Amino acid sequence: GERDLQHAHNVNAGLRQALETQAEAMRVRKQQYGEVMEGQVKSLVAEKDKLLADVRNLQMERDRHVEKLQMERDSAIQAVNATKGLEEVCRESAKRLDDMADEVYRANRERDQALEEKDSAMRSANDMFVARCEQQRSAEMSTEEARRAREDAERL
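Throughout this description, residue numbers start from 1 for each chain and increase along the sequence as written. Local features in a predicted model are, by the rule used here, given only for residues with pLDDT of at least 70; side-chain atom pairs are given and counted only at 80 or more, and totals for whole chains, interfaces and linings are based on all residues. The side-chain values count all of the structure's non-hydrogen atoms but skip hydrogen atoms and water molecules.

(A) Region of interest: the overall build of the protein chain. Each helix corresponds to a stretch of at least 4 residues labelled H or I by DSSP, and each strand to a stretch of at least 2 residues labelled E; elements are numbered beginning at the N terminus. Helix and strand counts for the protein chain come out as one helix and zero strands. Taken along its principal axes, the extent of the C-alpha atoms in the protein chain is 225 × 20 × 10 Å. In the structure as shown, the protein chain presents an accessible area of about 14500 Å², 57% of it carried by carbon and sulfur atoms. Neither His nor the chain ends contribute to the count of charged residues, in which Lys and Arg are positive and Asp and Glu negative. The atom standing in for a charge is NZ when the residue is Lys, CZ when it is Arg, CG when it is Asp and CD when it is Glu. Placing the 28 positive and 34 negative side-chain charges of the protein chain at their respective mean positions leaves the two points 6 Å apart. Each accessible area value is a Shrake-Rupley result obtained with a 1.4 Å probe; residue values ignore everything except the protein chains displayed when judging cover.

(B) Representation of the pattern of salt bridges in the model. What counts as a salt bridge is simple: a side-chain nitrogen of Lys or Arg found within 4 Å of a carboxyl oxygen of Asp or Glu. Going through the model one piece at a time under the given rule, you end up with 14 salt bridges. The closest approach of N and O atoms between D49 and K48, which form a salt bridge, is 4.0 Å. One salt bridge in this structure joins R123 and D119, with 2.5 Å as the shortest N-O distance. In this pair, R123 and D119 are both assigned in helix α1 (residues 2–155), four residues apart and thus about one turn of the helix distant. Note on classification: 1.4 Å probe, protein chains only; a residue is buried when its accessible area is under 20% of the maximum for its type, exposed when over 50%, partly exposed between these limits. Note on R123: relative accessible area 49%, which makes it partly exposed. Residues joined by salt bridges that share partners form a network here, namely E144, R147, R148 and E151.

(C) Structural detail: the environment of T83. Note that T83 resides in helix α1. Residues T83 and A149 lie 66 residues apart in sequence; the distance between their C-alpha atoms is 96 Å.

Next comes the structure, spelled out in structure tokens:
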């Protein structure tokens, strides 16, 4: 009985020793695993911080690009509006020039017509003057002939 008890005690002590060794190994493994995990967590946190910084940089770059595109779009809209304004001014100017050309054409036609009427009136007046002169000369010549005839008659 004493032997069995000693054997059981030895087995028990051996088991206890094995369990303590196993527990120590698990503690070491747990500590190592904890250290590995802590390192991985630190690495993941650093990677996350780097990614967040990259995201912020990309957002800033995108915002700058969007702002640049908006400025270019606004500039293009202003250019289009200015062009529309210029087109309208050009159309109005062209219409005014057409109207002025029509007025000049009408005025020239009226002036030409007035000149033709004046020229015709002056020709008529000239013709009448020439006719009167010829009439007067003819009358003067008949008066002269009559005087000569009287003088001839008186001489006889």
